Amino acid sequence: MAFLSHAEDVPETRLVYRHTLWVRIAHWVNAGVLLIMLMSGLQIFNAHPALYWGATSDFDNPILSMTAIQTQTGEIRGITQIGSARFDTTGVFGASEIFGQVVPRGFPAWATLPSWRSLASGRQWHFFFAWLFVFNGLAFAIYAFASRHFGRDLLPKKRDLKNLPKDFVDHLRLRFPKGEEALHYNVLQKLAYFTVIFILGPLIVLTGLTMSPTMDTAFPELLFIFGGRQSARTIHFLCAFGFVIFFVVHIVMVILSGPLNNLRAIVTGCYGIEAKDG
Amino acid sequence: MADANRRNFLTRLAVGTGAAVLAGCDKISQSASGSDFLKKGSDLAYKVQRLFAGREALAPEFSKADIAPVFRPNGTLYPMGEAYKAHAADNFRDWRVKVGGLVEHPFELSLPDLRALPSRTQITRHDCVEGWSCIGEWTGTPLRLVLAKAKPKDNARFVLFHCADDMSRDGLQPQLYYESLDLVEALHPQTILAYDLNGQPLPIANGAPVRLRAERQLGYKMAKYVTGIELVESFADIRGGNGGYWEDQGYTWWAGI
């Protein structure tokens, strides 16, 4: 722990207990579970790398598709189509390298679980870790409401929203709150955490369940809400994409606002802030 | 500088750990015990979904306008072998579906026998395990009527479907398709032995002359080219022991999700 005990280039720091044990456990369980859900989800997507809108698949008019074509020289190219726009995405989407050979494949081997093509195995992973995702999410939600972590720290208030323009500009200038101010989430953080945990999370679970033919018999409302099974599949995919974007922004913000201090906080709970006169 | 080194070290640690974990996950995927463990997620889904959906909850039915112009076939498109070809050339006149196993009255059904029984017509959404969906209109005999005629014995728990399509590559060691449902799914009102698609006799690619429709399940449960219906107490000792051709290849027996 010694090498983490002083925060970056700040002589006078005070350690504040910021993240409770439950928050830290939920965070790390979720981080691991989400990675497996994403990669096994991409494996499942690869079984039919196309998205549609409505109840069924209009095979000739996907919203998005990743296919492979063979050129006249026999070369395999990956084509990603979004609406009517086509992009050559060889190497990443549509066709990518396995054992030195370019083969037709939605997402590349490094992005899927397992790395080789196996819908059966991808489904096993996805439907095992889906339970962990749901249980962990529910446990966190119950904790957040019971401990008032939700109302106190996560729910954006009127006062927060008034600060939105200022916080937005501050973020763009990479100016982050310091001292006592850094102990509370600013409005952009609140909005991001609130959206991901309480909107994106439930949405990705519900759209996942809408793809289940059995759940559709028990809760036909799901089909009504999401506009059909294939729409639900598309929304499910977009939610996963939303999680990826959140992850990237989250990591960038962690790095820009003091990575070691942030990491210490989410591992040990203790966050260092500048002392008042520091 | 020290901080930069530390950050560099932490980044490499994170990437290295990630790669090791994923390599470990690949190993688990390959091992039988790992895959058996992961399948527990699906066992739990079976119990919970059964709790929510019960015995009678119906799959949504659609209107004629929703029917796909071509019902996308998948899996076997034309069963290999001379026997099937002969049946097809003869319009399946001698096709029989044997009903047996743990029943009081085993019997055989010809296609006219099947068509003489009360029928059900349903326009439903077919969900392939690959992720796509397609809507078609199916007409067939509710399986519950056939089972009622056969009178399953008390210890019968699963209904096995034997099929004519050989899944082996070359037919040298035949691996006939087979599937199974539990009694709740088999007795469901929308579970039918379908012989018509969109008002026409079932095309060969879609399972002629008889296929199963189990509308609360994914496509691989819906055996095509059905030749036999066998009631069993357990499928543990049948073929690969997992209750179906694709189940023996790693797919989960519960296909409600």
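Residues numbered from 1 in each chain as written. Chains lettered and ligands numbered in written order. Predicted model: local features only at pLDDT ≥ 70, side-chain atom pairs only at ≥ 80, totals over all residues.

1. A look at the overall build of chain B
So, step 1. From N to C terminus, chain B includes seven helices and ten strands.
So, step 2. Expressed as lengths along the three principal axes of its C-alpha atoms, the size of chain B is roughly 85 × 45 × 45 Å.
So, step 3. Put simply, chain B has 257 residues, and 39% of those count as buried.
So, step 4. Considering only contacts in chain B between residues 6 or more positions apart, those separated by 24 or more positions represent 68%. (Helix = DSSP H or I, 4+ residues; strand = E, 2+ residues; numbered from the N terminus. Buried ≥ 20, exposed ≤ 12 C-beta atoms within 10 Å, placed from the backbone. Contact = placed C-beta atoms within 7 Å.)

2. Here we look at the environment of A:Trp22
Residues and elements named next belong to chain A.
So, step 1. Its place among the elements puts Trp22 in helix H1 (residues 21-46).
So, step 2. The class of Trp22 is partly exposed, set by 16 C-beta atoms lying within 10 Å.
So, step 3. Residues Trp22 and Pro62 lie 40 residues apart in sequence; the distance between their C-alpha atoms is 43 Å.

3. Some remarks on the packing of helix H2 (residues 119-146) of chain A against helix H3 (residues 40-53) of chain B
So, step 1. Taken N-terminus to C-terminus, the directions of H2(A) and H3(B) make an angle of 65°; their axes are 7 Å apart at the nearest point. In terms of their interaxial angle, H2(A) and H3(B) are classed as roughly perpendicular. Remark: the crossing between H2(A) and H3(B) carries left-handed chirality. Listed contacts from H3(B) to A:Phe127, A:Phe128, A:Ala130 and A:Trp131 of H2(A) are B:Lys40, B:Gly41, B:Ser42, B:Leu44 and B:Ala45. (Axes fitted to C-alpha atoms, helices over the stretch in contact; angles between N-to-C directions. Parallel < 35°, antiparallel > 145°, perpendicular 65-115°, else oblique. Left-handed = near helix turned anticlockwise from the far one by under 90°.)

4. Considering the interface of chain A and chain B
Reports often express the size of an interface as the amount of accessible area lost when the parts come together.
So, step 1. Taken residue by residue, the interface counts 37 residues in chain A and 42 residues in chain B.
So, step 2. Elements supplying a minimum of two residues to the side of chain A that touches chain B: H2, helix H7 (213-218), helix H9 (229-256) and helix H10 (259-268) of chain A.
So, step 3. Split by residue class, the side of chain A that touches chain B holds 21 nonpolar, eleven polar and five charged. (Nonpolar A, V, L, I, M, F, W, Y, C, P; charged D, E, K, R; others polar.)

5. A look at helix H6 (residues 143-150) of chain B
Residues and elements named next belong to chain B.
So, step 1. Within the span of H6, buried status applies to Leu143, Val146, Leu147 and Ala150. Around the axis of H6, the buried residues are gathered within 95° of arc, so they sit on the same side.
So, step 2. Looking at the buried positions of H6, the neighbouring elements they touch are strand E1 (96-101), strand E2 (107-110), strand E4 (133-142), helix H7 (183-186), strand E7 (192-197) and strand E10 (226-232).
So, step 3. Immediately downstream of H6, the backbone of Lys151 shows phi near 55°, a positive value. (Arc of directions from axis to C-beta.)

6. Notes on H10(A)
Helical periodicity: at 3.6 residues per turn, an α-helix aligns residues three or four positions apart in one direction.
Residue and element names in this part refer to chain A.
So, step 1. Within H10 the residues assigned to the buried category are Asn261, Arg264 and Ala265. Along the long axis of H10, the arc covered by the buried residues comes to 100°, so they all point the same way.
So, step 2. Lining the buried residues of H10 we find strand E8 (270-274).

7. A closer look at the pairing of strand E5 (residues 158-166) of chain B
Residue and element names in this part refer to chain B.
So, step 1. Among the nine residues of E5, eight are classified as buried, and the element is accordingly described as predominantly covered.
So, step 2. Across six bridges, the pairing between E5 and strand E6 (residues 176-182) is antiparallel. Within the sheet, the bridge partner assigned to His162 lies in E6 and is Tyr178.
So, step 3. Relative to E10, E5 is paired through six bridges, and the arrangement is antiparallel. Bridge pairing in E10 links Leu160 to Glu230. (Pairing = 2+ DSSP bridges.)

8. Brief notes about the pairing of strand E3 (residues 64-70) of chain A
Residue and element names in this part refer to chain A.
So, step 1. Strand direction decides the pairing type here: strand E2 (residues 50-51) and E3, joined by two bridges, are antiparallel. Within E3, the position partnered with Leu51 by the bridge is Leu64.
So, step 2. Alignment of E3 against strand E4 (residues 76-82), held across seven bridges, turns out to be antiparallel. Across the sheet, Thr67 pairs through a bridge with Ile79, a residue of E4.

9. As for the packing of helix H6 (residues 187-210) of chain A against H9(A)
Two quantities define a packed helix pair, namely the angle between the helix axes and the distance between the axes.
All names here are of chain A.
So, step 1. It is the contact of H6 with H9, at a shortest axis distance of 9 Å, that shows an interaxial angle of 150°. One finds that H6 runs roughly antiparallel with respect to H9. In this structure, the crossing between H6 and H9 has a hand that is left-handed. Between H6, through Ala192, Val196, Leu200, Leu203, Ile204, Thr207, Gly208 and Thr210, and H9, the contact on the second element is made entirely by Arg229, Ala232, Ile235, His236, Cys239, Ala240, Gly242, Phe243 and Phe246.
So, step 2. Broken down by class, the residue content of the contact of H6 with H9 amounts to eleven nonpolar, five polar and one charged.

10. Re the sheet that holds E6(B)
All names here are of chain B.
So, step 1. Taken in spatial order, the five strands make up an open sheet running E2-E1-E10-E5-E6, and their pairing is mixed. Looking along the sheet, the strands with just one partner apiece sit at the ends: E2 and E6. Neighbour-to-neighbour, the strand axes of this sheet turn through a mean angle of 20°, independent of strand direction.
So, step 2. Alignment of E1 against E2, held across four bridges, turns out to be antiparallel. Across the sheet, the residue bridging to Lys98 is Glu108, located in E2.

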